[in-house]
Amino acid sequence: MATETVTEFRLRARSWLAENMPKRVREAAQAETTDDDEVWARARELQKMLYKGGFAGICFPKEYGGLGLSREYQDVFTEESDVYEMPLVLNVPTLSICAPTIMDMASEELKREHLPAVIRGDEVLVQFLSEPSGGSNLAGVLTRADRDGDSWILNGSKIWSSNAYAADYALCLARTDWDAPKHRGLTMFLIKVHQPGLTVRRIEQVNGQTEFCEEFFDDVIIPASAVVGEINDGWTVATRQLFHERTAVGGGSEFVSGRGARGEYLPSLSELAREVGLENETWARDLVAKAAAHRTVQEQLIPYVISKVEDGSLPGIAMSLIRLFHAETDWLESDVGLELAGAVGVAHDSTTVPGQFARHYLMRQGASLGGGSSEMSRNIISERLLRMPREAADDKDIPFREVRQGR
Ligand SMILES: Cc1cc2nc3c(=O)[nH]c(=O)nc-3n(C[C@H](O)[C@H](O)[C@H](O)COP(=O)(O)OP(=O)(O)OC[C@H]3O[C@@H](n4cnc5c(N)ncnc54)[C@H](O)[C@@H]3O)c2cc1C
């Protein structure tokens, strides 16, 4: 059968979406909520609908349940599906970070078990990377996995795992060799989130939401088959995962089910300006225009960086550019949003448009931390793209057990 062209695919998607998917209703409650069981049940349901209709996992290989098509097909589907209800909470990290990492790094057995399940909407995946001792120094994780015959025994704790409570499996980085230097004694595991010895606790944020979780591992038994990549080579897996994370958070992943990484239904700043009666004020128009210019640059930067990484003229770590620019754009929009919302926003009634911006502002710092901090992105860009001197690291080549902790 001749390959369907992008235009033919677009037209087929358009009519399928119109017949099968409900139109998106933007409700205040939908705006940024991912801490609600109903949202997750609905996302699984929507993903199943996409799968049944033959529009799930567009860029995933056919042998793992996807359609095996290129980014252009996903892009037109994203455009066409923008006005429909889509399982956006599955975008990050399930579809755009964890699944591609499994695809790139895991055993055939794990790929065949998990990738089709993700694409069918049967599995939600999350990341167990950050620890209370600090997320930036990822290679310094203290959670340990000790070999016990055919299994591993996991002990330690993780934190800031988005939506772990709603997930089935997690990619979990643990230390498996304390005599090796810090980057060389790590192993990545794909573990069940709900199992004996693993406690998930939800964290309440300043905006009242509880999507972040912390986990405690007390002698959790992991089968040997759960190792992703090679034993003690978890840093290679983590590096690939961070590549997918920067790409996804920066807004450049092709492995999504619909619009972009954020998955939020936040109104536009011009809508906000109209709502609060500032649409004819010069100062307000200037702010909206500045934010719009920034957003336009970001939208141009994403395909530019992706094309340069794909043709090999920039290394994969260049995704830090779009990751950083995402944070800068989000900060600017948050600041402009609050400025325009003013006192109405501060009253924080999240059923109103200004209230939605005020609520969004409370998570402003999140954009510069999630997916690795902006400072770490700047470090990567300066050291590895611009070739500036590297930050001193006196713990890099010594056995990890000799590295002093808690400094
Ligand atoms: C929205 C969101 C979603 C997240 N989801 C997940 C998730 O699903 N799973 C997960 O494991 N984690 C997740 N995180 C955690 C995130 O990865 C960490 O917050 C991040 O890596 C920073 O780690 P930290 O908060 O421990 O700060 P720290 O590492 O303690 O850093 C504190 C501050 O010091 C700065 N800093 C640290 N080291 C350096 C350095 N060498 N040079 C310059 N500045 C430095 C940092 O930039 C930061 O400003 C999420 C965070 C957010 C906000």
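It should be noted that the structure appears before, not after, this text.
My aim in this report is to walk through the structure given alongside it, one point at a time. (Residues numbered from 1 in each chain as written. Predicted model: local features only at pLDDT ≥ 70, side-chain atom pairs only at ≥ 80, totals over all residues. Heavy atoms only, no water.)

1. Remarks on the overall build of the protein
- Assigned secondary structure in the protein consists of 11 helices and eight strands.
- In summary, the protein has a C-alpha radius of gyration of 22 Å against a globular reference of 22 Å for 407 residues, a match within 12%.
- In terms of overall dimensions, the protein has a C-alpha envelope of 65 × 55 × 45 Å along the principal axes.
- A burial count over the protein gives 50% of its 407 residues as buried.
- Taking the contacts inside the protein whose residues are at least 6 apart along the sequence as the reference set, 75% of them involve residues at least 24 apart.
- Within the structure as shown, the protein displays about 18,800 Å² of accessible surface, and the carbon and sulfur contribution to it stands at 51%.
- Across the protein, the mean location of the 44 positive side-chain charges is 3 Å away from that of the 62 negative side-chain charges. (Helix = DSSP H or I, 4+ residues; strand = E, 2+ residues; numbered from the N terminus. Rg over C-alpha atoms; globule rule 2.2 N^0.38 Å. Buried < 20%, exposed > 50% of the residue type's maximum accessible area, 1.4 Å probe, protein only. Contact = heavy atoms within 4.5 Å. Areas by Shrake-Rupley, 256 points an atom, 1.4 Å probe, with all protein chains shown as cover. Lys, Arg positive; Asp, Glu negative; His and termini not counted. Charge placed at Lys NZ, Arg CZ, Asp CG, Glu CD.)

2. Regarding the pairing of strand β3 (residues 151-162)
- In this structure, strand β2 (residues 144-148) lies alongside β3, joined through five bridges in antiparallel fashion. By the bridge assignment for β3, R144 is matched with N155.
- Taking the residues between adjacent antiparallel strands as the criterion, β2 and β3 are bridged by two residues, where G149 takes a positive phi near 60°.
- The sheet contact formed by β3 and strand β7 (residues 212-223) spans 10 bridges and is antiparallel. Following the sheet pairing, G156 is matched in β7 by F217. (Pairing = 2+ DSSP bridges.)

3. Some thoughts on the site of the ligand
- Surveying the vicinity of the ligand reveals 18 residues, the closest of which are S130, G135, S136, S373 and E375.
- N379 has a polar side-chain atom sitting 3.0 Å from a nitrogen atom of the ligand.
- Here E391 contributes a side-chain N or O atom positioned 3.0 Å from a nitrogen atom of the ligand.
- In the complex, the protein chains occlude 69% of the 970 Å² of accessible area that the ligand would expose alone.
- Elements supplying a minimum of two residues to the shell around the ligand: β3 and α11 (374-385).
- Residues from two domains meet in the shell around the ligand; each of domain 2 (126-239) and domain 3 (266-385) gives at least three. (Near = heavy atom within 4 Å. Polar contact = N/O pair within 3.5 Å; in protein donor to acceptor, adjacent residues only side chain to side chain. Domains from an automatic or database assignment.)

4. Thoughts on the side chain of T187
- Tracing the backbone through its elements, the reader meets T187 in strand β5 (residues 186-192).
- Judged by its relative accessible area of 0%, T187 falls in the buried class.
- If near-sequence neighbours (up to four positions away) are discounted, T187 is found in contact with C172, L173, A174, T176, V227, E230, I231, N232 and G234.

5. Regarding the environment of E80
- Relative to the elements of secondary structure, E80 occurs in helix α3 (residues 71-81).
- What makes E80 buried here is its relative accessible area of 13%.
- Separated by 13 residues in sequence, E80 and L67 place their C-alpha atoms 17 Å apart.
- Ignoring any residue separated from it by four or fewer positions in sequence, one finds E80 in contact with R10, R14 and L17.
- In terms of polar contacts, E80 uses its side chain to reach the side chain of R14, at 2.9 Å.

6. What to know about the pairing of β7
- Bridge count for strand β6 (residues 198-202) against β7 is five bridges, and the pairing is antiparallel. Within β7, the position partnered with L198 by the bridge is F217.

7. As for the packing of helix α9 (residues 319-346) against helix α10 (residues 353-361)
- Running from N to C, α9 and α10 cross one another at 130°; their axes reach a closest spacing of 7 Å. On the basis of the axis angle, α9 is oblique to α10. Like other packed secondary-structure pairs, α9 and α10 cross with a definite hand, here left-handed. When α9 is examined against α10, the residues D330, S334, D335, G337, L338, A341, V344, G345 and V346 are found in contact with a partner set consisting of P354, G355, F357, A358, H360 and Y361.
- Considering only residue class, the contact of α9 with α10 consists of eight nonpolar, five polar and two charged. (Axes fitted to C-alpha atoms, helices over the stretch in contact; angles between N-to-C directions. Parallel < 35°, antiparallel > 145°, perpendicular 65-115°, else oblique. Left-handed = near helix turned anticlockwise from the far one by under 90°. Nonpolar A, V, L, I, M, F, W, Y, C, P; charged D, E, K, R; others polar.)

8. Details of the pattern of salt bridges
- Scanning all chains against the criterion turns up 23 salt bridges.
- Across the pair E79 and R10 runs a salt bridge whose closest N-O atoms are separated by 3.0 Å. Remark: R10 occurs in helix α1 (residues 6-20) and E79 occurs in helix α3; sequence separation between them is 69 residues.
- According to the relative accessible area criterion, E79 is exposed, its value standing at 52%.
- A salt bridge links R44 to D168, with the shortest nitrogen-to-oxygen separation between them at 2.9 Å. Of the two residues, R44 sits in helix α2 (residues 37-52) while D168 sits in the loop between β3 and β4 (169-175), which places them 124 residues apart along the sequence.
- The network of salt bridges with common partners includes R10, R14, E79 and E80. (Salt bridge = Lys/Arg side-chain N within 4 Å of Asp/Glu carboxyl O.)

9. Re the nonpolar core
- Among the nonpolar cores identified, the biggest contains 72 residues, and F77, F128, L154 and I191 are the most heavily contacted of them.
- Broken down by element, the residue count for this core peaks at six residues, all from β4.
- Once you skip the residues sitting within four places of it in the chain, F77 turns out to touch F9, A13, L17, L50, F55, I58 and M86.
- Counting 13 residues, the second largest nonpolar core, distinct from the first, contains A273, L278, L332 and L340. (Core = buried A, V, L, I, M, F, W, Y, C linked by side-chain atoms within 4.5 Å.)

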